[in-house]
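Residue-level structure breakdown
If you want the building blocks of each chain, they are given just below.
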Amino acid sequence: MTDLKAILPGMEKCGLQESDKRLQNLGDSLLDSYLYEAICEHGGLKFLFVSSGVERINGVKAEDVINDASVLLDQIDSAQRSVYLEAAAASLRDLTSFEMDLRMNSAGGEWRWVHLVRSCPRRLENGRFIVDGIVTDITNRRLFETEISRLAQAVEQNPTGILIADLHGVLLFANQSYSRITGYQFAEAYGKTQRELISTEMSDEEFNAIKGSLNAGRSWSGVLGNRHKNGQFFWQQSNVSPMYDDSGQISSYLYLCTDVTKSKLLEIALRDAKDYAENLVQTANAIVIGVDIGGRVITFNRAAERITGYKAEDLEGRNWFEVIVPKELYPEVWTKLDGRLTDIYSNGFDADADSWPEFDQLLAGGLPTHFECPILTKSGGERYIVWQSNNVFEQGQIVGMISFGIDISEHKK
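**A word on the overall build of the chain**
Assigned secondary structure in the chain consists of 18 helices and 16 strands. Restricting to contacts in the chain with at least 6 residues of sequence separation, those with at least 24 account for 45%. Accessible surface, the chain: about 23000 Å² in total, of which carbon and sulfur atoms supply 52%.

Have a look at this one:
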């Protein structure tokens, strides 16, 4: 760079001499930066040279900045201005260089980030100092860094355990949730096999299914048993997926795990309760019949099969009342039930329909909860049954009826 000592008076008048054309050409060739040179005086700056990039980045002309430094300096974010001034003063006092990132509001109102590098001040014969430097637009980089930071926070703070391993199963990354769920910190998990990273309790069949999916480029999802570092067994929802590089090749594997022990135990308890209830129904000595709002059989236990002679599949799609108490054989039963069944059948019954035309009314206040009537068996015989009936509700709505019947035929003889 040309020594400005001898030509300073002329530079202060005309800004830039012919001898500095090379500096101007260099500065103007920078697409995302601009060069500058300035005199430090009265606690401020007077720019002697600014390359044309200042207009692209800050939206102001170089000559305007040379005429009035505040045109550029006033763009510095007010929250950073005091920090910048302190750094500039320290540089002048200690004759040291400095650099920093600045957020600036360009002339067009757009906020941009720049990286400022300032050289060590050089003292002139008149006691003033001259500095030069470069300003680079780093807006895109800062935005990218911000997005990366947000992504990193989302991954690290995610309640789901997240692991990344290479193609050989070597651990590359583990977030805090994985440590919380399994009890293993990254250093402790590092070196574990691919199988151990997914679950220490899965079967060979499960592991082979996962490997097969990954090798084929497919994801795998399922609930696996696992064991915490402290030895406690837990259930986890596992999702394993291949990750691809820019060329479309599998480069690593992503493992997601969530502790689902509470919901799994609830599922097991509900299934056990359902199995227990089903076992009670099937082993009961009494008839247990469940019908939907169309009168179609949905529950038919072994006692019902034994007493009626029908199998559950015999009654599929058929109306229970029409089968066991046909009106032409048992008109007195229909009369005994206050004509409710007669009212229903007067409108006909469509086996393919969702419900009888009046079945909602029947269930709402229809059949007595306790009554006795004969039924017709599959073989044409007759049995006398005492019934106890109750409505079945789902979300406050009647969806069917369940009836318990005791065969009292022997007592009727």
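**Considering a nonpolar patch on the surface**
Together, Phe144, Ile148 and Leu151 line one region of the surface with nonpolar side chains, adding up to about 320 Å² of accessible area. In this fold, Leu151 is placed in helix α7 (residues 139-157).

**Comments concerning the sheet that holds strand β11 (residues 250-259)**
Taken in spatial order, the five strands of this open sheet run β8-β7-β11-β10-β9, and their pairing is antiparallel. Every interior strand has two partners, whereas the edge strands, β8 (171-174) and β9 (220-227), have only one. Neighbour-to-neighbour, the strand axes of the sheet open up by a mean angle of 25°, direction not taken into account. Relative to β11, strand β10 (residues 233-244) runs antiparallel, the two sharing nine bridges. What sits directly across from Val240, in β11, is Tyr255. Its contacts with the sheet place helix α12 (residues 261-283) against β9, β10 and β11, and it is angled at close to 120° to β10.

**A closer look at the pattern of salt bridges**
Scanning the model with the defined rule gives 20 salt bridges in all. Residue Arg271 pairs with Glu267 through a salt bridge whose shortest N-O separation is 3.8 Å. Residue Arg271 and its partner Glu267 are both found in helix α12; the two are separated by four residues, about one turn of the helix. Accessibility expressed as a relative area gives 40% for Arg271, which makes it partly exposed. Among the charged side chains, a network of salt bridges with common partners joins Asp101, Arg141, Arg142 and Glu145.

**Quick look at the sheet that holds strand β16 (residues 397-407)**
Spatial strand order, β13-β12-β16-β15-β14: five strands in an open sheet with antiparallel pairing. Edge positions in the open sheet fall to β13 (297-300) and β14 (370-376), since each of these has one partner strand only. On average, adjacent strands in this sheet sit at an angle of 30° to one another, irrespective of strand direction.

**A short note on the packing of aromatic side chains**
Scanning the entire structure with this criterion turns up six aromatic pairs. Ring centres of Tyr36 and Phe47 lie 5.8 Å apart, and the angle between their planes is 75°; on these two criteria the pair is classed as edge-to-face. You can see Tyr36 sitting in strand β1 (residues 33-41) and its partner Phe47 sitting in strand β2 (residues 44-50), a full 11 residues away along the chain. In this pair, the class of Tyr36 matches that of Phe47, namely buried. Put simply, the rings of Phe300, Trp320 and Trp387 pair up and form one aromatic cluster. Between Arg103 and the ring centre of Trp111, over which it is positioned, the NZ or CZ distance is 4.0 Å.

**Focus on helix α11 (residues 204-215)**
End to end, α11 covers 16 Å across 12 residues, agreeing with the expected 16 Å (1.5 Å per residue, within 8%). If you check which residues of α11 are buried, you get Phe207, Ile210, Ser213 and Leu214. Down the axis of α11, the sector holding all buried residues measures 125°, keeping them to one side. With respect to the buried face of α11, the exposed residues turned more than 90 degrees away are Asp204, Glu205 and Asn215. Just beyond α11, the residue with positive phi is Gly217, at close to 80°.

**With respect to the nonpolar core**
Phe47, Val50, Val54, Leu72, Tyr84 and Leu102 are the most contacted members of the largest nonpolar core, which has 26 residues in total. For this core, the secondary-structure elements that each account for two or more residues are β1, β2, α3 (53-58), α4 (62-67), α6 (78-94), β3 (98-105), β4 (111-118) and β6 (129-137). If sequence neighbours within four positions are ignored, Phe47 has contacts with Tyr36, Glu37, Ala38, Val65, Ile66, Ala69 and Leu72. Counting 22 residues, the second largest nonpolar core, distinct from the first, contains Leu315, Ile375, Leu376 and Met401.

**Comments concerning the confidence of the model for the chain**
Residues of the chain with pLDDT of at least 70 account for 85%, and the chain-wide mean is 84. Considering only residues more than four positions removed or in separate chains, one finds that residues 1-16, a stretch of pLDDT under 50, has 34 contacts. Residue range residues 338-365 is modelled with pLDDT below 50. Its contacts to residues more than four positions away, or to other chains, number 56 contacts.

**Looking at the pairing of β4**
Pairing of β3 with β4 involves eight bridges; the strand directions are antiparallel. Of the residues in β4, the one forming a bridge with Met100 is Leu116. Where β3 folds back onto β4 in an antiparallel hairpin, the turn is made up of five residues, including Gly109, whose phi is positive at roughly 90°. In this structure, β4 lies alongside β6, joined through five bridges in antiparallel fashion. The residue of β6 that forms the bridge with Val114 is Asp137.

Cut-offs and rules
- Residues numbered from 1 in each chain as written.
- Predicted model: local features only at pLDDT ≥ 70, side-chain atom pairs only at ≥ 80, totals over all residues.
- Heavy atoms only, no water.
- Helix = DSSP H or I, 4+ residues; strand = E, 2+ residues; numbered from the N terminus.
- Contact = heavy atoms within 4.5 Å.
- Areas by Shrake-Rupley, 256 points an atom, 1.4 Å probe, with all protein chains shown as cover.
- Patch = residues over 30% accessible without salt bridge, like charges linked within 9 Å, V, L, I, M, F, W, Y side chains within 5 Å.
- Salt bridge = Lys/Arg side-chain N within 4 Å of Asp/Glu carboxyl O.
- Pairing = 2+ DSSP bridges.
- Axes fitted to C-alpha atoms, helices over the stretch in contact; angles between N-to-C directions.
- Buried < 20%, exposed > 50% of the residue type's maximum accessible area, 1.4 Å probe, protein only.
- Phe/Tyr/Trp six-rings, centres within 6.5 Å; stacked < 30°, edge-to-face > 60°.
- Lys NZ or Arg CZ within 6 Å of the ring centre and 35° of its normal.
- Expected span 1.5 Å × (residues − 1).
- Arc of directions from axis to C-beta.
- Core = buried A, V, L, I, M, F, W, Y, C linked by side-chain atoms within 4.5 Å.
- pLDDT = per-residue confidence, 0-100.

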